[in-house]
Amino acid sequence: MLVVENLSKIYTSGFFRPQDFHAVKDVSFSVHKDEIFGLVGESGSGKTTIGKMLVRLIDPTSGKITIDKKDITNMRGKELREYWTNLQMVFQDPRSSLNPRIKVGESLIEGLKLSGNIDSIDEVTQDLLKSVNIREEILNRYPHEVSGGEIQRIVIARALSLNPKLLVADEPTSNLDMSVQAQVLRLIKDLQRKHSIPCILISHDIEVVKWMCDRIAVMLNGRIVEEGITNDVIHNPQHPYTQDLIKATFLSDIPTVDGEPGEGHSLHNGCSYAGKCIFVKPECLENEIQLRGDHHKVACILAH
Ligand SMILES: Nc1ncnc2c1ncn2[C@@H]1O[C@H](COP(=O)(O)OP(=O)(O)OP(=O)(O)O)[C@@H](O)[C@H]1O
Ligand SMILES: [Mg+2]
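Read on for a plain summary of the structure. (Residues numbered from 1 in each chain as written. Chains lettered and ligands numbered in written order. Predicted model: local features only at pLDDT ≥ 70, side-chain atom pairs only at ≥ 80, totals over all residues. Heavy atoms only, no water.)

1. Topic: the overall build of the protein chain
Thinking step 1. Secondary structure assignment for the protein chain yields nine helices and eleven strands.
Thinking step 2. Taking 304 residues into account, the globule formula puts the C-alpha radius of gyration at 19 Å, and the protein chain, at 20 Å, falls close to it.
Thinking step 3. For the C-alpha atoms alone, the extent of the protein chain along its principal axes is close to 65 × 45 × 40 Å.
Thinking step 4. Relative to its 304 residues, the protein chain shows a buried fraction of 48%.
Thinking step 5. The long-range fraction of contacts in the protein chain, counting pairs at least 24 apart against all pairs at least 6 apart in sequence, stands at 63%. (Helix = DSSP H or I, 4+ residues; strand = E, 2+ residues; numbered from the N terminus. Rg over C-alpha atoms; globule rule 2.2 N^0.38 Å. Buried < 20%, exposed > 50% of the residue type's maximum accessible area, 1.4 Å probe, protein only. Contact = heavy atoms within 4.5 Å.)

What follows is the structure in structure tokens.
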């Protein structure tokens, strides 16, 4: 089980002088091993940053990440290198995860070697290929000679061949066409159920999340504004931002929620959506509203 407590990330960067940017603010959630947990929200809301912190590609600024009660937040050096195979992330552009100069089969086997599964490599590879429905002949090609859908399936196979304790899939199908999307999503769902590991699915596509996820969290400007069982959140959204996001998805004549990523960060201390919310009240501009509730959590005064 994955438990995330009060996770925050401040990036320090700048062209002329260093500036702090609070990309993720005080995010907490937990995901059971038989669950797919969705992170949705507009571009720049901090979804990928959370994913990268969970697989320890970047260091959290504060907060705590535990997997099966093991605190991985401050793992470093040798300990982290040894643990890394347990944390697998699948990216939007699958080719970026494979070395372009190495044949696909070599990359797949490299993963198995890392997991110490050397004796039965041929057998395991055959099983893997079968599980992701890939022809053996493809293993002899370079990444640029393989289609996007095939390569994403191979990357997923490689991630799961390492028997990870956590899988993060960041927009895994947004570079694929519709027919292949469904195939790859089904594969992730089937393999996640079979391996019984916590899975985080990051997507801005509500339809994808609705089909894939047991629970979802809606993100806005680095915070979770609503969290709950997928059906509850989608059919009974409580936060005005979630309501607008869902309306924009299912009723195409209503314009999508616009605005620059990060907008609203420094305008006031309160809710990030106050500037666009039709229900806004003076207190919404004062303090950040806490995420509250039991199963269906909402960060909005309307819901409390
Ligand atoms: N290395 C970095 N240095 C500085 N700022 C960064 C860095 N990486 C991301 N950011 C900023 O942090 C914010 C969150 O980025 P992130 O990639 O997590 O968003 P996202 O929700 O995944 O967006 P998208 O849906 O477009 O992928 C953005 O404003 C982004 O510009
Ligand atoms: Mg992203």
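So, next bit.
2. Observations regarding the site of ligand 1
Thinking step 1. Taken together, Y11, S13, F21, A23, E42, S43, G44, S45, G46, K47, T48 and T49 make up the full set of residues near ligand 1.
Thinking step 2. The backbone of G44 places a nitrogen or oxygen atom 2.8 Å from an oxygen atom of ligand 1.
Thinking step 3. A distance of 2.7 Å is found between an oxygen atom of ligand 1 and a side-chain nitrogen or oxygen belonging to T48.
Thinking step 4. Protein coverage of the free-state accessible area of ligand 1, which is 640 Å², stands at 63%.
Thinking step 5. Elements with a contribution of two residues or more to the shell around ligand 1: β1 (2-13), β2 (19-31) and α1 (47-54).
Thinking step 6. With three residues, α1 is the largest single contributor of residues to the shell around ligand 1. (Near = heavy atom within 4 Å. Polar contact = N/O pair within 3.5 Å; in protein donor to acceptor, adjacent residues only side chain to side chain. Areas by Shrake-Rupley, 256 points an atom, 1.4 Å probe, with all protein chains shown as cover.)

3. What about the packing of aromatic side chains?
Thinking step 1. One pass over the structure, following the stated rule, counts three aromatic pairs.
Thinking step 2. Ring plane angle 20 degrees and centroid distance 4.7 Å describe the contact between F29 and F37, whose orientation is recorded as stacked.
Thinking step 3. Judged by centre distance (5.2 Å) and plane angle (70 degrees), the rings of Y241 and Y273 are edge-to-face. A residue pair is termed long-range when its members are at least 10 positions apart, and Y241 in helix α9 (residues 240-250) and Y273 in the loop between α9 and β11 (297-298) qualify at 32 residues.
Thinking step 4. The class for Y273 is buried, based on a relative accessible area of 3%.
Thinking step 5. Across the ring face of W211, the terminal group of K189 is positioned such that the distance to the ring centre comes to 4.5 Å. (Phe/Tyr/Trp six-rings, centres within 6.5 Å; stacked < 30°, edge-to-face > 60°. Lys NZ or Arg CZ within 6 Å of the ring centre and 35° of its normal.)

4. A closer look at helix α5 (residues 148-161)
Thinking step 1. Between its first and last C-alpha, α5 extends 20 Å over 14 residues, near the 20 Å set by a 1.5 Å rise per residue.
Thinking step 2. Most of α5 is tucked away, with 13 of its 14 residues classed as buried.
Thinking step 3. Trailing α5 by a residue or two, N163 shows a phi angle of about 45 degrees, which is positive. (Expected span 1.5 Å × (residues − 1).)

5. As for empty space enclosed by the protein
Thinking step 1. Counted under the stated rule, the structure contains three cavities of 30 Å³ or more.
Thinking step 2. The volume enclosed by the largest cavity comes to roughly 100 Å³.
Thinking step 3. Forming the walls of the largest cavity are 14 residues, and the residues nearest its centre are P240, C271, C277, C284 and C300.
Thinking step 4. Along the lines of polarity and charge, the residues of the lining of the largest cavity split into 13 nonpolar, one polar and no charged. (1 Å grid on protein atoms, 1.4 Å probe; cavity = no way out; pocket = protein on both sides within 12 Å on 5 of 7 lines; lining within 4 Å. Points joined across faces, edges and corners; volume = space filled by probe spheres on them. Nonpolar A, V, L, I, M, F, W, Y, C, P; charged D, E, K, R; others polar.)

6. Quick notes on unusual backbone geometry
Thinking step 1. Phi is positive for N6, which is not a glycine, with a value near 50 degrees.
Thinking step 2. Looking at the element boundaries, N6 is found in strand β1.
Thinking step 3. The exposure class assigned to N6 is partly exposed, which follows from its relative accessible area of 43%.
Thinking step 4. The phi torsion at N163 lies on the positive side, around 45 degrees, for a residue other than glycine.

7. Topic: the sheet that holds strand β6 (residues 87-90)
Thinking step 1. The seven strands lie next to each other as β6-β7-β8-β3-β9-β10-β11, forming an open sheet whose pairing is mixed. Because the sheet does not close on itself, it has two edges, and the strands there are β6 and β11.
Thinking step 2. Where α5 meets the sheet, its contacts fall on β6 and β7 (166-170), and the angle it forms with β6 comes to roughly 175 degrees.
Thinking step 3. Contacts from helix α6 (residues 178-195) reach β3 (36-41), β7 and β8 (199-202), with the element oriented near 140 degrees to β3. (Pairing = 2+ DSSP bridges. Axes fitted to C-alpha atoms, helices over the stretch in contact; angles between N-to-C directions.)

8. A word on the pattern of salt bridges
Thinking step 1. For the coordinates displayed, the defined rule picks out ten salt bridges.
Thinking step 2. R76 is paired through a salt bridge with D59; the nearest N and O atoms lie 3.9 Å apart. Here R76, found in the loop between β5 (70-71) and α2 (77-83), pairs with D59, found in the loop between α1 and β4 (62-67); they are 17 residues apart in sequence, far enough to count as distant.
Thinking step 3. When its relative accessible area of 47% is taken as the criterion, R76 is described as partly exposed.
Thinking step 4. When the shortest N-O distance is used, the salt bridge between R223 and E288 registers 3.3 Å. (Salt bridge = Lys/Arg side-chain N within 4 Å of Asp/Glu carboxyl O.)

9. Quick word on the side chain of D170
Thinking step 1. Along the chain, D170 falls in strand β7.
Thinking step 2. Apart from residues no more than four positions distant in its own chain, D170 is found in contact with T48, M89, V90, F91, Q92 and I202.

10. Observations concerning the nonpolar core
Thinking step 1. One finds I156, I188 and M212 to be the most contacted residues of the largest nonpolar core, which totals 54 residues.
Thinking step 2. In terms of residue count, α5 provides more of this core than any other element does, seven residues in total.
Thinking step 3. Excluding residues that lie within four positions of it along the chain, I156 makes contacts with V90, V184, L187, I188 and L191.
Thinking step 4. F29, I50, L87 and M219 belong to the second-largest nonpolar core, a separate cluster that totals 29 residues. (Core = buried A, V, L, I, M, F, W, Y, C linked by side-chain atoms within 4.5 Å.)

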